[in-house]
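Spelled out from the first residue to the last, the chains are:
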Amino acid sequence: MPSANRPTEESLQKKAERFRAEIKSFPVCLVTGGAGYIGSHTVLELLNAGVAVVVIDNLCNSHMESLCRVHYIARTESQRLQQNGNVPPIFFHQVDIRSTKSMNQVFDFWQSDKIHAERAVFPVSVGEVSANKAYPMLDYTLNPAKRAQTSPQTKDPSTWGRITAVIHFAALKAVGESITKPLEYYENNVAALVVLLKAMKAHAVNVLIFSSSAVVYGVGHEAGITEETVQVAGKGSGGGLLTNPYGRSKWMSEEIINDYCVADPNFHAISLRYFNPTGSHPSGLIGEDPKGTPNNIVPVILQAYQRRRSRVHVFGSNYDTSDGTGVRDYIHVSDLAMGHLAALRKATKQPDPVPEGEEIDGQDPVSNYNVYNLGTGRGYSVLEIIKAFSNAAGTAIPFTVGEARAGDLGTVTASPDKAASDLDWRAEFDLQDMCRDVFNWAAANPTGYETLRRLSTMSGMSSQEMRRQSVATGLFDREEDFDNFISTSLNSIDNNNASKDGSGRRMSQHGANFSNMLKKMRSASHSSAVSDSDNPFGGNYALSSSPGPGAGGAPRFAMTWGEPHKTATIAEGEEEDEDVDLGPTLSPSTSKTLPMRSR
Ligand code: NAD
Ligand code: UD1
């Protein structure tokens, strides 16, 4: 018997029609893993380019909060550019890409207007959720002309409102973990790719951009790696030069996509091999939020800076490099995101379809499949990276030099030339930008998207209990780190507010309210208890809207977090209908148009 709370078929139908109407005036791209680090940055650039996005993510390594912030940034950028805030929608499905049934249901929903009885895949409108939240003031630079140039093909309105392309990010990505859990890696990264390709085929979606990695080059290839090199690492020896299951899963995925492109000349795919992604969107609102203990150098440096670990261990100093430490090609995640738009532009610029059974005369049968490196072509050693971050932080980040890490190479840098000539794409951000943006993100989100939410659950506790809980809940390793975090974050916000980088660009200022909260927490941690009126998070741990510092009391965006979101899927018996509010009812303290700076 249906529960009284369950949404009726009619209410779901009404809502589905509203969602479809909302998406109709835009080209639509499906993004798997869109809530993750690189995915969220790419979703933002898609919105900026006028593309609506359907995100599929099971949130195993991410938070839906990232998408709420993405939509908010896009709306703010749109206002700033006087585009009347007309931002394409994001729809979110909390779905596992390994499930053939769910994947087909998502495609059915958007491609054939079908609503399935299970309703598990009914989308959530992210704009609706995020409109109910307010975030700190955004203060960063952007280049609207460049964005217009890199828009994918959006000219054919007959395809609008339907998914025409997929960007596939969803995967597991920890090299070390892949050695202990190979089956999980092959299931998520390889088997799920086949599920996706079959669902695309069944719904006539013919464009795929795939997240690959420089890891497919394996060992034995160093500076200025070109795309052809993988023929040796992969095919030449059956992937034998790849040292771990993660690497092999990416190599196998590329082979599968290549084979499928051979079999279906109307299918167009591009694999993008990322070098070392880092940085965050210059707003500092979205960024990398690694779960568990990070292994990559930048999150490690950040933890040393935040005093969440004592120092950086530099792996090896006897490589054939300028200072003996490993050299890598670090690329800003926003550049990487733009690389996806450039790839999408190329892949959607298709020749006329080849009729079934007809020979492809004089045409390379796999010209519908391409691979590109996404890197800068410029390498930095570990010591150079530590120095750059120390300069940006205004404090020396401690390190020791030790043994090399097994399987590491001396120099790994890309040749970015093929992407430059075919895709008209080159990285624009430099190392200084990457450092600045990592700190922008970390200053307000020192332990990622969950920081404030998790700290807030401790409001009202005594100082001792807060310190204990911060360790018990895994937010910090030691109680001293809780105190350190508060004072370091305050310092870093003060530094950010005061400093200007080499080009005179101002650091993000959105730490204002955060800073106030931390100050209150610091005094709270020195007093015996936090009274309700002192509670830095307010009644429901929202920060109140307060005048910005030094702004003569001018209103700013309040940093307001409100209550946790409703779950993105509709569980049995749960009400989810027209009148259901998907988020807290809070409005921005102001919707001022922000000043624009040129980059
Ligand atoms: P991420 O973990 O932040 O993002 C991956 C997203 O996929 C997450 O949101 C996760 O919840 C989701 N996901 C994972 N398995 C899923 C499943 N079965 N069903 C649905 N969703 C699932 O990682 P990222 O750094 O953004 O990486 C994105 C892609 O880029 C991955 O394919 C990764 O292998 C590749 N890549 C990343 C790097 C890097 O350094 N970050 C380098 C090279 C390649
Ligand atoms: C790693 C992955 C690679 C993945 C890439 C993307 C391995 C073996 N490879 O590559 O598959 O595509 O990340 O982000 O894990 N370093 C230190 N101390 C540390 C951590 C790293 O000195 O604590 C050094 C490394 O030796 C290397 C450089 O920093 O020289 C960069 O390391 P890392 O960030 O782990 O990236 P990669 O090794 O290039």
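To start, this report covers the structure provided alongside it.

1. A word on the packing of aromatic side chains
Between two aromatic rings, the relevant description is the distance of the centres plus the angle of the planes. A complete count under the given rule lists ten aromatic pairs for this structure. Judged by centre distance (6.0 Å) and plane angle (40°), the ring pair of Phe19 and Phe122 falls under tilted. Residue Phe19 is found in helix H1 (residues 9-23), and its partner Phe122 is found in the loop between helix H4 (100-112) and strand S4 (124-125); the two are separated by 103 residues along the sequence. Accessibility expressed as a relative area gives 0% for Phe19, which makes it buried. Exposure remark for Phe122: the relative accessible area of 3% places this residue in the buried category. Ring plane angle 65° and centroid distance 4.8 Å describe the contact between Tyr305 and Phe439, whose orientation is recorded as edge-to-face. Of this pair, Tyr305 sits in helix H11 (residues 297-305) while Phe439 is found in helix H15 (residues 431-444), placing the two residues 134 residues apart along the sequence. Like Phe439, Tyr305 is buried.

2. A few points about the site of ligand 1
Around ligand 1 sit 27 residues, and of these Asp57, Asn61, Ser62, Asn188 and Tyr246 come closest. Between an oxygen atom of ligand 1 and a main-chain N or O atom of Gly36, the distance comes to 3.3 Å. Contact between ligand 1 and Asp96: a nitrogen atom at 3.0 Å from a side-chain N or O atom of the residue. For ligand 1, whose accessible area on its own is 820 Å², the fraction buried by protein is 95%. Of all the secondary structure elements, the ones that give two or more residues to the shell around ligand 1 are helix H2 (37-48), strand S6 (207-213) and helix H10 (245-263). For the shell around ligand 1, the element with the most residues is S6, which contributes three residues. Across the shell around ligand 1, the residue classes break down as 13 nonpolar, nine polar and five charged.

3. Looking at the sheet that holds S6
Read from one edge of the open sheet, eight strands run S4-S3-S2-S1-S5-S6-S7-S12, paired in mixed fashion. Each edge of the open sheet is held by one strand with a lone partner, namely S4 and strand S12 (369-374). Looking at chain direction, strand S3 (residues 90-94) and S4 are connected through two bridges and run antiparallel. In the sheet register, Phe91 faces S4, and the bridge partner there is Ser125. Sheet contacts for helix H8 (residues 182-202): strand S1 (28-32), strand S5 (163-168) and S6; angle to S6, the most-contacted strand, approximately 165°. Across the sheet, helix H12 (residues 333-348) touches S1, S5, S6, strand S7 (268-274) and S12, and the angle it forms with S7 is around 160°.

What counts and what doesn't
- Residues numbered from 1 in each chain as written.
- Chains lettered and ligands numbered in written order.
- Predicted model: local features only at pLDDT ≥ 70, side-chain atom pairs only at ≥ 80, totals over all residues.
- Heavy atoms only, no water.
- Phe/Tyr/Trp six-rings, centres within 6.5 Å; stacked < 30°, edge-to-face > 60°.
- Helix = DSSP H or I, 4+ residues; strand = E, 2+ residues; numbered from the N terminus.
- Buried < 20%, exposed > 50% of the residue type's maximum accessible area, 1.4 Å probe, protein only.
- Near = heavy atom within 4 Å.
- Polar contact = N/O pair within 3.5 Å; in protein donor to acceptor, adjacent residues only side chain to side chain.
- Areas by Shrake-Rupley, 256 points an atom, 1.4 Å probe, with all protein chains shown as cover.
- Nonpolar A, V, L, I, M, F, W, Y, C, P; charged D, E, K, R; others polar.
- Pairing = 2+ DSSP bridges.
- Contact = heavy atoms within 4.5 Å.
- Axes fitted to C-alpha atoms, helices over the stretch in contact; angles between N-to-C directions.

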